Amino acid sequence: MKKVAITLIALTLSVSALAEKIGFVNSQEAFAKYSQTKVIQENLNKEKNRLENEIKQKEVALQKAQLELQSKGDKITDKEKQEFQKQVEAFQKFVRDSQTKLSKEEYTRMQEIEKTMSTAIQSVAKAGKYDYVLEAGAVKFGGTDITADVLKAMEKAKK
């Protein structure tokens, strides 16, 4: 009887030794609540508004040039038509370049936040001795929510 009890205790200990610690993070929540996200979004919005104003000014100037050409009627020279076409192409290029620049800037800034979050998750997982950390949506039952700890680590890392 003693051997059976010892065997059962040994089996129980070995099974619990195999149990793994799982944490989960709501990365969307951490991303949204991170203070740098708001700062970056505000800066990007300012740049977007600045570019939109510049585009509007260039568009108004282009429309004015078009009206001047139209007012000449049949007296428009080929050179004037070509100059206007060059202005239109330069405007279109400016719009495309502005959009590309803004998109690249946004991508770069969001990648910085992603990297900060990844580092924070690794730090919290290591400190809490978690074997696995999953996205919150992947966990249906169990695990420990470490989102708040990750957010704290992200805020701490920016200082």
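Treat the numbers as computed from the prediction; the structure is a model and nothing was measured. (Residues numbered from 1 in each chain as written. Predicted model: local features only at pLDDT ≥ 70, side-chain atom pairs only at ≥ 80, totals over all residues. Heavy atoms only, no water.)

Draft legend 1. Quick peek at the environment of F24. If you trace the backbone, F24 turns up in strand β1 (residues 22-25). Along the primary structure F24 and A136 are separated by 112 residues, whereas in three dimensions their C-alpha atoms are 5.1 Å apart. Leave out the neighbours within four places in its chain, and F24 touches V133, L134, E135, A136, V139, G142, G143, T144, D145, I146 and T147. (Helix = DSSP H or I, 4+ residues; strand = E, 2+ residues; numbered from the N terminus. Contact = heavy atoms within 4.5 Å.)

Draft legend 2. Structural context of the packing of helix α3 (residues 35-72) against helix α4 (residues 78-127). Contact geometry of α3 with α4 gives a least axis separation of 11 Å together with a crossing angle of 175°. Between α3 and α4, the crossing angle belongs to the class labelled roughly antiparallel. Partitioned by chemical class, the residues of the contact of α3 with α4 number 15 nonpolar, 5 polar and 11 charged. (Axes fitted to C-alpha atoms, helices over the stretch in contact; angles between N-to-C directions. Parallel < 35°, antiparallel > 145°, perpendicular 65-115°, else oblique. Nonpolar A, V, L, I, M, F, W, Y, C, P; charged D, E, K, R; others polar.)

Draft legend 3. Representation of the sheet that holds strand β3 (residues 144-145) within the structure. Taken together, the 3 strands give an open sheet; going across it, the order is β2-β1-β3, and neighbouring strands pair in parallel fashion. Both outer strands of the open sheet, β2 (132-135) and β3, are each paired with one neighbouring strand and no more. Two strands pair when backbone bridges link them, and β1 and β2 are joined in this way by 4 bridges, in the parallel orientation. Of the residues in β2, the one forming a bridge with V25 is E135. (Pairing = 2+ DSSP bridges.)

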